[in-house]
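Listed here are the chains, written in short residue letters.
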Amino acid sequence: MDKRFGFIRVGAVVPKMKISDVHYNVEMIKEMMLSSSKKHSEITVFPELCISGYTCADLFLNERLIRSSLDGLKDLRDYTKKVKGIFIVGLPFHKDNQLFNVAAVLEDGHILGIVPKTYIPNYGEFYEKRWFSEDKCRISDEVIIEGEVIPFKSKLLFQIGEDERKTFGIEICEDLWAIYPPSNDLCVEGANLIFNLSASNEIIGKNEYRKNLVKSASEKNICSYIYASSGINESTTDLVFSGTSMIYENGKCLASNERFDFESNMIISDIDLARLENLRYKEKSYMGVIKEEKYDVIRCEGYDASFELERSYEQYPFVPSDVNKRNERLEEILKMQAYALARRLKGTGIKRCVIGISGGLDSTLAFLVTIKAYEILNLPTKDIYGITMPGLGTTKKTHDNASDLVVAYQATLKEIDIKESSLRHLRDIEHDEDLYDVTFENAQARERTQVLMDFANKVGGLVIGTGDMSELALGWCTYNGDHMSMYGVNVSIPKT
């Protein structure tokens, strides 16, 4: 994939695991690191406390498990010399007379940073404060592991090379559910990617709510949110885990896994960082509030991943494929168009509308919107003037369609033939009437607009525009012709 297009490939893994069996868990993580590397994922996230297991309960107070988890982290650190990519893993970590639930970022034989969990849940089925302390209880900003000084704080950003777009931040499970998630500030400070190491159990309705949280976080922060949660192999003493993983980009789900899998599984997706960057440019309120807090930026090496883009784009992104959702969407669009026109008619006090009916899709939609607006205002449809203007290329089929449409809704049909006036104009400007070029087409478009505007003046009405968003974007309309109207109802509608 050409890097100029601004894509990065990311992954989320739910590994097979055993509670408190660090050696086994590390080997399973290694297998998935290798698999991730083969799939050219540049950054891959694993679940919360994946080295030890999340449901160790009071075993977290056992010194052997904590030491073993640290040894497991060192083993994974060394293994990253053999695989390409950046990997984010979770473990219990002892520092400052406390135990922290942390995420460690690994690359090429190094631990780049350790991020403690910001919010520790202690309600309902969660009682993590029995074992873990929150980030705010931390004293140290750094830790030393085998001579390597490693940043140790929640306010960390990681940037790959010189490309600021490839900046990511980390949340751990509850952080996402809090009233003020760390991702808010991480994104304002430059993160385009948020990775969440989670251990989210299942109760009725929670899966949908969790997806909505991730969707909302990615949309609100204009980022990609990559989420990996503990799997079914966790203890089910009083909870059950499903191993949810998902990747969202600005509110859209790019990938998700099948839950309740006893084996390891992984999802990957290609994130359009250039698009996220562009969206942030446009949203001027995005940087409206700056918090004066210092965030450290840690540089990652990254690697030049070469891969075929696996991400697909919908052919019709504005039209839901589900029939029921599509009908709801279309009804909503029609309602917005109709009420906007009704408001304009109420505001101006004008009770007549003039619309050019060609027999095509755009004028048909504009006409139906006008009919709907008249129903809303309880106005007679006879005050809608549907004018068909056969020209030099009009077919009988489109002419008849236009006429039948106006009559069917009991609007007032007018037919004004523009053939002769168009030919006269072409002769006046000395243009060959047999030369079917842009001048030939535009002469008719401008003639139609003149007829509509003057007829509207005559009856005291509004000319309803029929041009749509696609035409305006592509320039597929005539300047001082069909791009003009007194109120365009289709200007935000793409031609799909």
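Residues numbered from 1 in each chain as written. Predicted model: local features only at pLDDT ≥ 70, side-chain atom pairs only at ≥ 80, totals over all residues. Heavy atoms only, no water.

### Comments concerning the overall build of the protein chain
Next up, step 1: Secondary structure summary: the protein chain contains twelve helices and 20 strands in total.
Next up, step 2: Taken against the 2.2 N^0.38 rule, which gives 23 Å for 496 residues, the C-alpha radius of gyration of the protein chain at 31 Å runs more than 25% over that of a compact globule.
Next up, step 3: The dimensions of the protein chain, computed from C-alpha atoms along their principal axes, are 95 × 45 × 45 Å.
Next up, step 4: By the burial criterion, 51% of the 496 residues in the protein chain qualify as buried. (Helix = DSSP H or I, 4+ residues; strand = E, 2+ residues; numbered from the N terminus. Rg over C-alpha atoms; globule rule 2.2 N^0.38 Å. Buried < 20%, exposed > 50% of the residue type's maximum accessible area, 1.4 Å probe, protein only.)

### Brief notes about helix α6 (residues 273-282)
Next up, step 1: Among all positions of α6, only Leu273, Leu276 and Arg280 are buried. Seen from one end, α6 has its buried residues packed into an arc of 60°, which puts them on one side.
Next up, step 2: Buried residues in α6 make contact with β1 (7-14), α4 (182-188), β10 (193-198), β11 (224-229), β12 (245-249) and β14 (265-272). (Arc of directions from axis to C-beta. Contact = heavy atoms within 4.5 Å.)

### Some remarks on the nonpolar core
Next up, step 1: Among the nonpolar cores identified, the biggest contains 48 residues, and Ile43, Ile88, Phe158, Phe168 and Leu193 are the most heavily contacted of them.
Next up, step 2: Leave out the neighbours within four places in its chain, and Leu193 touches Ile8, Val10, Ile43, Thr167, Phe168, Gly169, Ser224, Ile226, Ile271 and Leu273.
Next up, step 3: Of all hydrophobic cores here, the second largest spans 43 residues; its members include Leu65, Leu239, Phe241 and Ile268. (Core = buried A, V, L, I, M, F, W, Y, C linked by side-chain atoms within 4.5 Å.)

### Some points on the sheet that holds strand β9 (residues 167-172)
Next up, step 1: With mixed pairing, the seven strands of this open sheet are ordered in space as β13-β12-β11-β10-β9-β8-β15. Since the sheet does not close on itself, it has two edges, and those belong to β13 (252-256) and β15 (296-300), each with one partner. Averaged over all pairs of adjacent strands, the angle between their axes in this sheet comes to 25°, without regard to strand direction.
Next up, step 2: Sheet analysis places β9 next to β10, joined by five bridges and oriented parallel. From the neighbouring strand, Ile172 faces β10, where its bridge partner is Leu197.
Next up, step 3: Each of β11 and β12 is contacted by helix α5 (residues 206-220), which is oriented at about 30° to β12, the strand it contacts most. (Pairing = 2+ DSSP bridges. Axes fitted to C-alpha atoms, helices over the stretch in contact; angles between N-to-C directions.)

### Section: the packing of helix α7 (residues 323-348) against helix α8 (residues 361-377)
Next up, step 1: Taken N-terminus to C-terminus, the directions of α7 and α8 make an angle of 65°; their axes are 8 Å apart at the nearest point. The two elements α7 and α8 meet at a crossing, and its hand is right-handed. Here Glu331, Leu334, Gln337, Ala338, Tyr339, Leu341, Ala342, Leu345 and Lys346 of α7 come into contact with α8, specifically with Leu365, Val369, Thr370, Lys372, Ala373, Tyr374, Ile376 and Leu377. (Left-handed = near helix turned anticlockwise from the far one by under 90°.)

### Re the side chain of Lys117
Next up, step 1: With respect to the element layout, Lys117 can be found in the loop between β5 (110-116) and β6 (142-145).
Next up, step 2: Of the polar contacts made by the side chain of Lys117, one reaches the side chain of Glu128; its length is 2.9 Å.
Next up, step 3: Ignoring anything within four residues of it in the chain, the contact list for Lys117 reads Glu48, Asn101, Glu128, Glu134, Asp135, Ile172, Cys173, Glu174 and Asp175. (Polar contact = N/O pair within 3.5 Å; in protein donor to acceptor, adjacent residues only side chain to side chain.)

### Details of the sheet that holds strand β18 (residues 412-415)
Next up, step 1: Reading across from one edge, β18-β17-β16-β19-β20 is the order of the five strands in this open sheet, with parallel pairing throughout. Here the strands that pair on one side only, and so sit at the sheet edges, are β18 and β20 (487-488).
Next up, step 2: Both strand β16 (residues 353-356) and strand β19 (residues 462-465) contribute to a ladder of two bridges, which runs parallel. Bridging from a neighbouring strand, Val354 pairs with Val463 of β19.
Next up, step 3: Most of the contacts of α8 go to β16, to which it runs at about 160°, and overall it touches β16, β17 (384-388) and β19.

### Looking at the packing of aromatic side chains
Next up, step 1: The final tally for this structure, using the stated rule, is 13 aromatic pairs.
Next up, step 2: Ring centres of Trp177 and Tyr209 lie 5.5 Å apart, and the angle between their planes is 40°; on these two criteria the pair is classed as tilted. Here Trp177 is found in helix α3 (residues 174-177), whereas its partner Tyr209 is found in helix α5, with 32 residues between them in sequence.
Next up, step 3: Residues Tyr385 and Phe455 carry aromatic rings whose centres are separated by 5.4 Å and whose planes lie at 65° to one another, so their mutual orientation is edge-to-face. Taken as a pair, Tyr385 in strand β17 and Phe455 in helix α11 (residues 438-459) lie far apart in primary sequence, 70 residues in all. The residues Tyr385 and Phe455 share a single accessibility class, namely buried. (Phe/Tyr/Trp six-rings, centres within 6.5 Å; stacked < 30°, edge-to-face > 60°.)

### Here's the deal with the environment of Gly231
Next up, step 1: Relative to the elements of secondary structure, Gly231 occurs in the loop between β11 and β12.
Next up, step 2: Among the residues examined, Gly231 registers a relative accessible area of 9% and is labelled buried.
Next up, step 3: As for Gly231 and Ile350, which are separated by 119 residues in sequence, their C-alpha atoms are 64 Å apart.

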